[in-house]
Amino acid sequence: MNRKILLFIIIQEIFSIVLITKIVDKNSDFVIFCDSTSRLEEINQIIDKHNPIIIAFDYESHSFLLENNIVHELSDDYLNNEDLDHIQDLSYKFSNWYSESEISNLIEYEGINLGELFYLEFNYYLSPILKQLVEIQNISKKFPNSFFISSPNFVNILKLFSSNFDILTYNNTIPSISSEDISIKFGKYTFTTKSQNILTKNLIKLFYSISRNFFLPKKPNSKNPTILLVNFTTLRLKNFFKELPNHSLNLVKYDTTVPAFWNYSTFSLIKKSGCFIENNDTILKNQNSLILDLDDLVSEKLQILSKNEQFFNTFFSLNCLSFWNVIKNDFLQMFVHNYKDTIQNISKIKSLFKKYSFSSVVLASECGHLDLIIIHLCKQFGIKTSILQHALYYDDIQNQNYYNFKSDQFQRVYTKYSDNFLVWGKLTQIDSENHGLSKEKIVSIGCPFFDPLIDNSNTLQIPEKKYVLLATTPKTLKNQTKESSIKFQIEYNHMIKEISKITTKINKNLLIKVHHGSISHEKKIVDKINSDI
């Protein structure tokens, strides 16, 4: 064996022994559960007094403990890959609570299952809790006689396994984001303001009203079919809107997440397309009757849930231990919030269906609250629905237990209810058929936002200096147990650092395409290496 390699192995083993010794030397009579809300000063005081074992439950706490040279363990250390896979499967199972026969018929409103409308939101909430639940259960088994000092975020879980604990002070100095900066551009002028600013909201409403009354079409042609397009960004479908005037078609663009236009180019695109603009403020609705009925309807449904407490206690159990009381308050808040939104959104969509005679509706997904409401109402009204392919999906047919394949299935990337699946091309068409979709449902239309990039008529200007594109897998994602683990985040950040160093060293321009759902801080990482990235 090469001497250098042998020396490296020996040093590595010595380092491991030293590290283990350090941890073993800690006083196991006391165990701290810390996270991003924990205060360093308080942790140091406990260290001075008890020399406890410290366990970090998130990447932020791991980072500040590391920066302050505080020896600690990771909550991930108490799980293995099989545990993470099992927790992920459990999160899918528990998120489908609404489909259980004992409860499903009791939580309907106008023929729509209320629980299904927030199944994905509930999964994002539940997945980290299940991970913490299994971690704390395993930790308490290892230290059955210890006194725990815990972040407030884990106390309800900890109560299931120990009565021997105290609570850390909550760090209330963490900045919160109450509103976002938004920019409105016209030509070379840009106006920046807060999204929660009442004046801003009223100005946007006024601008929309003026645009609809004076610049945009007012009445659809009854001889042409009418299509509803729900929550698609204008620039993302730029070529589609340019092509629209060449077809005998009424297009209604309904937006609830982003405005249809926000600068001159998007306004011009909408105006020239001849499409109709609708949003929450343009749809007529009887707000007074809604407000009168809302509280009574919610109260009635909460009584039904309360009468079925035993179902929830039994269903939300792990290893014969119910964790319903851990999630109960948040669950009920989520249910009430979604129920109120459902009542209002059903009223709005029905008003929209009365205003226009739709022949079909195109949506981006089948997992969002509003998307599911529209799809179920379309079934009731006899309107065809289509889902436009959102991204490239995992195609692991051979191993259907594959982690990412299950994620795609859970998020319904292959349509469950819709009449058609509009795919980018042959590969997704074949893949969809392999996953059980009938050929009649699949329609290949190309990719409206990527196709222009490879159009042969476009002459791309290749820069002299070569670029390297790094397209990162979305590290979204609190509902993915592996991606949300501390160890994965450490590896991910290390990968970003190393690629940045290598590309800088060989004098290449690095472009990092971050997924829009990312919760990482790639820019902060690379700025320490090369601010030009």
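In what follows, the accompanying structure is described. Since we're looking at a predicted model, the values are computed, not measured. (Residues numbered from 1 in each chain as written. Predicted model: local features only at pLDDT ≥ 70, side-chain atom pairs only at ≥ 80, totals over all residues. Heavy atoms only, no water.)

The terminal C-alpha atoms of helix H13 (residues 369-381), which comprises 13 residues, lie 19 Å apart, in line with the 18 Å expected from a rise of 1.5 Å per residue. Among the 13 residues in H13, ten count as buried, and that is most of the element. Within H13, burial applies to His369, Leu370, Asp371, Leu372, Ile373, Ile374, Ile375, His376, Leu377 and Cys378. Just downstream of H13, Gly382 is the residue with a positive phi angle, here 75°. (Helix = DSSP H or I, 4+ residues; strand = E, 2+ residues; numbered from the N terminus. Expected span 1.5 Å × (residues − 1). Buried < 20%, exposed > 50% of the residue type's maximum accessible area, 1.4 Å probe, protein only.)

Right, let's get into a positive patch on the surface. A cluster of basic residues, Lys238, Lys242, Lys271 and Lys272, forms a positive patch at the surface. Inspection of the secondary structure assignment puts Lys242 in helix H8 (residues 238-243). (Patch = residues over 30% accessible without salt bridge, like charges linked within 9 Å, V, L, I, M, F, W, Y side chains within 5 Å. Areas by Shrake-Rupley, 256 points an atom, 1.4 Å probe, with all protein chains shown as cover. Salt bridge = Lys/Arg side-chain N within 4 Å of Asp/Glu carboxyl O. Lys, Arg positive; Asp, Glu negative; His and termini not counted. Charge placed at Lys NZ, Arg CZ, Asp CG, Glu CD.)

Running from amino to carboxyl end, helix H12 (residues 324-355) crosses H13 at an angle of 50°, the nearest separation of the two axes being 10 Å. It follows from the interaxial angle that H12 and H13 lie oblique. In terms of crossing hand, the pair formed by H12 and H13 is right-handed. Here Asn338, Asp341, Thr342, Asn345, Ile346, Ile349, Lys350 and Phe353 of H12 come into contact with H13, specifically with His369, Leu370, Ile373, Ile374, Leu377, Cys378 and Phe381. The class makeup of the residues in the contact of H12 with H13 is nine nonpolar, four polar and two charged. (Axes fitted to C-alpha atoms, helices over the stretch in contact; angles between N-to-C directions. Parallel < 35°, antiparallel > 145°, perpendicular 65-115°, else oblique. Left-handed = near helix turned anticlockwise from the far one by under 90°. Contact = heavy atoms within 4.5 Å. Nonpolar A, V, L, I, M, F, W, Y, C, P; charged D, E, K, R; others polar.)

Where like charges cluster on the molecular surface, the negative patch consists of Asp293, Asp295, Asp296 and Glu300. Take Glu300: it is sitting in helix H10 (residues 287-307).

The next thing to look at is the pairing of strand E15 (residues 360-363). Because side chains alternate across E15, one face comprises the buried residues Ser360 and Val362, and the other comprises Val361 and Leu363, equally buried. Where E15 and strand E16 (residues 384-388) come together, four bridges link them in parallel fashion. Across the sheet, the residue bridging to Val362 is Ser386, located in E16. (Pairing = 2+ DSSP bridges.)

Of all hydrophobic cores here, the largest spans 87 residues; its most connected members are Phe33, Trp97, Phe122, Phe316, Phe323 and Ile327. Broken down by element, the residue count for this core peaks at 13 residues, all from H12. Excluding anything up to four places from it in sequence, Trp97 contacts Ile103, Ile107, Gly115, Phe118, Phe122, Phe311, Phe312, Phe315, Phe316, Phe331 and Phe335. (Core = buried A, V, L, I, M, F, W, Y, C linked by side-chain atoms within 4.5 Å.)

Our focus in this paragraph is the packing of aromatic side chains. Summed over the entire model, instances satisfying the criterion amount to 41 aromatic pairs. A ring pair is formed by Trp97 and Phe331, whose centres lie 5.0 Å apart and whose planes are at 70°; its orientation type is edge-to-face. You can see Trp97 sitting in the loop between helix H4 (81-95) and strand E4 (108-109) and its partner Phe331 sitting in helix H12, a full 234 residues away along the chain. With respect to burial, Trp97 and Phe331 carry one shared label: buried. Considering the side-chain rings of Tyr356 and Phe358, the 5.5 Å spacing of their centres and the 35° angle between planes classify their relative orientation as tilted. For Phe358, a relative accessible area of 8% gives the class buried. It is Arg236 that lies over the ring of Phe449; its NZ or CZ is 3.7 Å from the centre. Above the ring of Tyr119, the side-chain terminus of Arg412 is found at 4.4 Å from the ring centroid. (Phe/Tyr/Trp six-rings, centres within 6.5 Å; stacked < 30°, edge-to-face > 60°. Lys NZ or Arg CZ within 6 Å of the ring centre and 35° of its normal.)

So, on to the environment of Asp85. Here Asp85 shows up in helix H4. The exposure class assigned to Asp85 is partly exposed, which follows from its relative accessible area of 29%. C-alpha separation for the pair Asp85 and Gln480, spaced 395 residues apart in sequence, amounts to 9.5 Å.

Before going further, it helps to spend a moment on the side chain of Ser365. Mapped onto the fold, Ser365 is located in the loop between E15 and H13. We classify Ser365 as buried; its relative accessible area is 18%. Here the side chain of Ser365 touches Asp371 through a polar contact of 2.8 Å, side chain to side chain. (Polar contact = N/O pair within 3.5 Å; in protein donor to acceptor, adjacent residues only side chain to side chain.)

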